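Residue-level structural notes
The residues making up each chain are set out below.
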Amino acid sequence: MEYESVVLVKQEVFVYKIPPRQSNRGYRAADWNLAEPTWTGRLRMVSKGKTLAVKLEDKTTGALFANCPIEAYPGVAIEAVSDSSRYFVLRIQDDNGRTAFIGLGFGDRSDSFDMNVALQDHFKWVKNEEQIAKEKEEPQQQLDLGFKEGETIKINMKITKKDGSEGGSRTGGKKTGGLGLLPPPPGGNKIAPPPSAASPSHQPAAGSAGQSDWGEFTSAGAKPQATATTPSKTNANWVQF
């Protein structure tokens, strides 16, 4: 059930008898007898659902003087004059459907502005309601973004590595195919010397094993005046890298 709602009330408006329109240039308030309005009363703008009407009523008794149903704005039911913002032309209608055109005026320009705003707000609401109803009847097609059965997706990712840790220094040497070996610290573990290349028939006796094993190495770089060293000292000089 739809209820009647009052959209706008103005306590004083003026009604004028207007001459027929002479051309397509629009109505002009200057052609009316503005000093002598035909009727003075109250204006009420009421809405019932999507319908809107301007009712001109007696200020004291509330008796209806004229009714102006409005289907659209701007439209033929209510039209602004070309030479003033305070005057309009209304198409009134009786219960039998007969129509006539009258002039309507406001004493204050702000009153006519209020009526313009009320008309625009109502028909903007009507337009939105019609759009919502249309979308309900014809829902928009929804995009199906889900994966179909057996469908896969391939993502190519490019990852760039940084050389060296953050904040660390980078070495300027060239990289080799193998792992770099650092010399052991002084006093580290000693590696046993390689066996002698001499044939088994020329191997020395057990008592002179220490000197014969290292003789070839020590004699290569030893000076004649150098003092003799123990095998352990010689071993330490050669096995450390």
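Per chain, the residues get numbers from 1 upward, laid out in the order the sequence is written. Per-residue local features are limited, in this predicted model, to residues with pLDDT of at least 70; the limit for side-chain atom pairs, both in listing and counting, is 80 or more; totals at the level of whole chains, interfaces and linings are taken over all residues. Processing note: side-chain calculations cover all non-hydrogen atoms of the structure and skip hydrogens and water entirely.

As annotated in an unreviewed UniProt entry, the protein chain carries the name NECAP PHear domain-containing protein and comes from Aedes albopictus. UniProt positions are given in the numbering used here, feature names are shortened, and annotations may be inferred rather than shown by experiment. Of the comments in the UniProt record for the protein chain, the one headed Sequence similarities (unreviewed entry) reads "Belongs to the NECAP family."

What to know about the environment of Pro69
Secondary-structure assignment places Pro69 in strand 4 (residues 64–70). Between the alpha carbons of Pro69 and Ala53 there is a distance of 4.2 Å; along the sequence they are 16 residues apart. Discounting residues that sit within four places of it in the chain, Pro69 has contacts with Leu52, Ala53, Ala77, Arg91 and Gln93. The helix count covers DSSP runs of H or I at least four residues long, the strand count covers runs of E at least two residues long, and both are numbered beginning at the N terminus. Contacts are assigned to residue pairs that have any heavy atoms within 4.5 Å of one another.

Topic: the sheet that holds strand 3 (residues 51–57)
What makes two strands pair is DSSP finding at least two bridges between them. With respect to topology, 7 strands assemble into an open sheet ordered 4-3-2-1-7-6-5, the strand pairing being antiparallel. Both outer strands of the open sheet, strand 4 and strand 5 (78–80), are each paired with one neighbouring strand and no more. Taken over all neighbouring pairs, the strand axes of this sheet differ in orientation by 30° on average, direction set aside. Sheet analysis places strand 1 (residues 4–16) next to strand 7 (residues 99–105), joined by 3 bridges and oriented antiparallel. Within strand 7, the residue paired with Val15 across the bridge is Leu104. Interaxial angles span 0 to 180 degrees and are taken between N-to-C directions of axes, which are lines fitted to C-alpha atoms, for helices over the stretch in contact. Running over the sheet, helix 1 (residues 109–137) touches strand 1, strand 2 (39–48), strand 3, strand 4, strand 5, strand 6 (87–93) and strand 7 and is turned about 145° from strand 1.

Remarks on the nonpolar core
The set of buried Ala, Val, Leu, Ile, Met, Phe, Trp, Tyr and Cys residues whose side-chain atoms join them within 4.5 Å is what this entry labels a nonpolar core. Buried residues are those whose accessible area, probed at 1.4 Å on protein chains only, stays under 20% of the maximum for their type, while exposed residues exceed 50% and partly exposed ones sit between those limits. If you look at the biggest cluster of nonpolar residues, it comprises 24 residues, and the most contacted ones within it are Leu43, Leu56, Leu90 and Met115. Secondary structure elements with two or more residues in this core: strand 1, strand 2, strand 3, strand 4, strand 6, strand 7 and helix 1. Broken down by element, the residue count for this core peaks at 4 residues, all from helix 1. One finds Tyr27, Ala29, Trp32 and Val89 within the second-largest nonpolar core, a separate group that totals 8 residues.

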